[in-house]
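A look at the structure
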Amino acid sequence: MLIYELIWLCLTSVAVASSAFMDQSFFFDYVPDSQTVPVPVTSQCETININWGRTSGSTGPNPSAPYFLQIYTSAFVFPFIVEAGSSLSFDWQVPFGPGTIYQMCMFDKNGYTGGCQAMYTMIANTTVDEPTCANASFPLGPLDIDAQVEDGPLSMYGWVNQCTDIAITPKNGTPPYTLTIAPSSHPPLNITMNDMSTVNWTVDLSWASPFFISVVDSEFNRWSYGPLHSGGDGPTGCLALGDLPASSGVSSGAAAGIGLGGAIAGALLGIGAAWFIFRPRKHSQLSQSSSTDHFHSNNSFGHNPRMPMESLNSNATSLGSNQYQVEPFRMPGDATSSDTGGGPTSPTTGRGSGAVYVVHHDGGRAPVTVYHEDGTEVVELPPRYANAEGIMSQRPGQRPSTSQSDATGSDTINSSSDPTRSAQNAPDYFNQPRQTGPAPKKASALRPNRRPPSGP
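This text gives an overview of the structure that appears in the document. Going along each chain's sequence as written, the residues are numbered from 1 onward. Side-chain atom pairs in this predicted model are given and counted only at pLDDT of 80 or more, local residue features only at pLDDT of at least 70, and totals for whole chains, interfaces and linings cover all residues. Working from all heavy atoms in the structure, the side-chain values ignore hydrogens and water.

**Considering the overall build of the protein**
The condition that has to hold: Secondary structure elements follow DSSP: runs of H or I of four or more residues count as helices, runs of E of two or more count as strands, with numbering from the N terminus. Burial classification: accessible surface area is computed with a 1.4 Å probe over protein chains only, and a residue below 20% of its type maximum counts as buried, one above 50% as exposed, and the rest as partly exposed. Here, residues are in contact when the closest pair of their heavy atoms is within 4.5 Å. Per-residue and other accessible areas were derived by the Shrake-Rupley procedure at a 1.4 Å probe size, with only the shown protein chains allowed to occlude residues.
Helix and strand content of the protein: 4 helices and 25 strands. A buried classification covers 34% of the 456 residues belonging to the protein. A sequence separation of at least 24 residues applies to 65% of the contacts in the protein between residues at least 6 apart. If you sum the accessible surface of the protein, you get close to 27000 Å²; carbon and sulfur atoms cover 56% of it.

Listed below in structure tokens is the structure:
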């Protein structure tokens, strides 16, 4: 005889059941040794070997023989009860037809449970054409149970939203009744109903969890539905396991402090990152500006282009006693307070700012002609050489050079704004071709056998 653990819950005329799934007193399984991973199928009339025992994970009371199997199926509206004997092993032929889904739970004589296994599916027997096996014992008669959910009668294979109620009301049978909730791969829940009053059970299973539900009266008449599933459209408050212990939880104040500290740390980290990113860029700009100022103040020729004209003139005077006046060089675009608006100026009075143009000649003319933007033409003069007495002389074939100036007497020649016309109007001695001396002869070796010519 199967004895269930009783849980008495009565609230006036309606009993509300709260889930308190049973602690397992032992564990059982029927997975063949040849299967590393369980394959949840069984052939019709296949003999399964069921083994059970108490382990270190068993938290319920010690079990006592005899043991019983309670088997739920998708083909019948009642569970089957099979006696498993007093040993720790039992062989049973599964008689259900192909396509039937079944789930097996186990109890001892005191109602202590060994839990429920996963759902298995029956398949056709491939080794025997017409398998035969003993049928399971049918109950004396099924109970008449009214099962309701929030939107109407409970379906045999329905989905019931989580945290909603299933209302069970017996219509016949003999009290007391035992209501059993049997989730797959989970310990079951037993609820005792002392009379025919309605009992509400809240589906406190997570979404898509499969389970069976059954009722047994004192005369062993039975009723069951399933497989059912927990739906996901309901609330979730019933799934909470209660307040966490203080040692394993975080208080709301601590959580707020952690959040505030994280925000401050993130802000400081962002400020530091921005400072490191923009600091090198600013330093580079300062370095570039400093390098530009240094170039304007000291160019690659080793002198300051903004040097006063008097200093340049003094340098030009110190070049020697030759007849050429050195035009002071200034960078284009620079101007001093002594610059004038137009016309050529002498070295002593300064020159207007502007661009410098260089024209290269061939055909024996002066190789380079320099034009200033203000119209002044500067022509390269032919070189002069000093003889043994230190007197400057021209190269043979060239006439002495002269210089002209409109007002200053400098070594420049005024010209129009057109550089080509200026070059054509230059004095003749600027356009004379350069005279080259005779090329030196190579020294030839004396022939040893050649005799000098004899006299007359």
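**Observations concerning the state of the cysteines**
Our working definition: Only a pair of cysteine sulfur atoms within 2.5 Å counts as a disulfide in this structure description.
Under the defined criterion, the tally for this structure stands at 3 disulfides. What links to what in the protein: the bonded cysteines, counted in sequence order, pair as 1-4, 2-3, 5-6.

**Looking at unusual backbone geometry**
Note that the residue after Ala-65, namely Pro-66, is joined by a cis bond; omega there is 0°. Assignment of secondary structure puts Pro-66 in the loop between strand E4 (47-53) and strand E5 (67-73). Looking along the chain, the bond that leaves Pro-175 and enters Pro-176 is cis, with omega of 0°. With respect to the helices and strands, Pro-176 occurs in the loop between strand E14 (165-170) and strand E15 (177-183). For Ser-185, which is not a glycine, the phi torsion comes out positive at approximately 55°.

**Focus: the sheet that holds E4**
This is how it is decided: Paired strands, as defined in this entry, are two strands with at least two bridges between them according to DSSP. Every angle, taken between N-to-C directions, lies between 0 and 180 degrees, and every axis is a line fitted to C-alpha atoms, over only the stretch in contact when it is a helix.
Overall, antiparallel pairing links the 3 strands, which are arranged E2-E4-E7 in an open sheet. Two strands close off the open sheet at either side, each with one partner strand: strand E2 (27-29) and strand E7 (89-93). On average, adjacent strands in this sheet sit at an angle of 20° to one another, irrespective of strand direction. Inspection of the sheet shows E2 paired to E4 by 3 bridges, in the antiparallel sense. What sits directly across from Asp-29, in E4, is Asn-51.

**Digging into the environment of Ala-167**
Of note, Ala-167 is situated in strand E14. Judged by relative accessible area, Ala-167 falls into the buried class, the value being 17%. Not counting the four nearest positions on each side in its chain, Ala-167 is found in contact with Asp-146, Ala-147, Gln-148, Thr-198, Val-199 and Asn-200.

**Quick notes on the sheet that holds strand E13 (residues 159-161)**
Paired through their backbone hydrogen bonds, the strands of a sheet run either parallel or antiparallel. Reading across from one edge, E13-E19-E18-E15-E16 is the order of the 5 strands in this open sheet, with mixed pairing throughout. Each end of this open sheet is capped by a strand with a single partner; those strands are E13 and strand E16 (189-193). Strand after strand, the sheet turns through a mean of 30° between neighbouring axes, direction not considered. Pairing between E13 and strand E19 (residues 222-231): 3 bridges, direction parallel.

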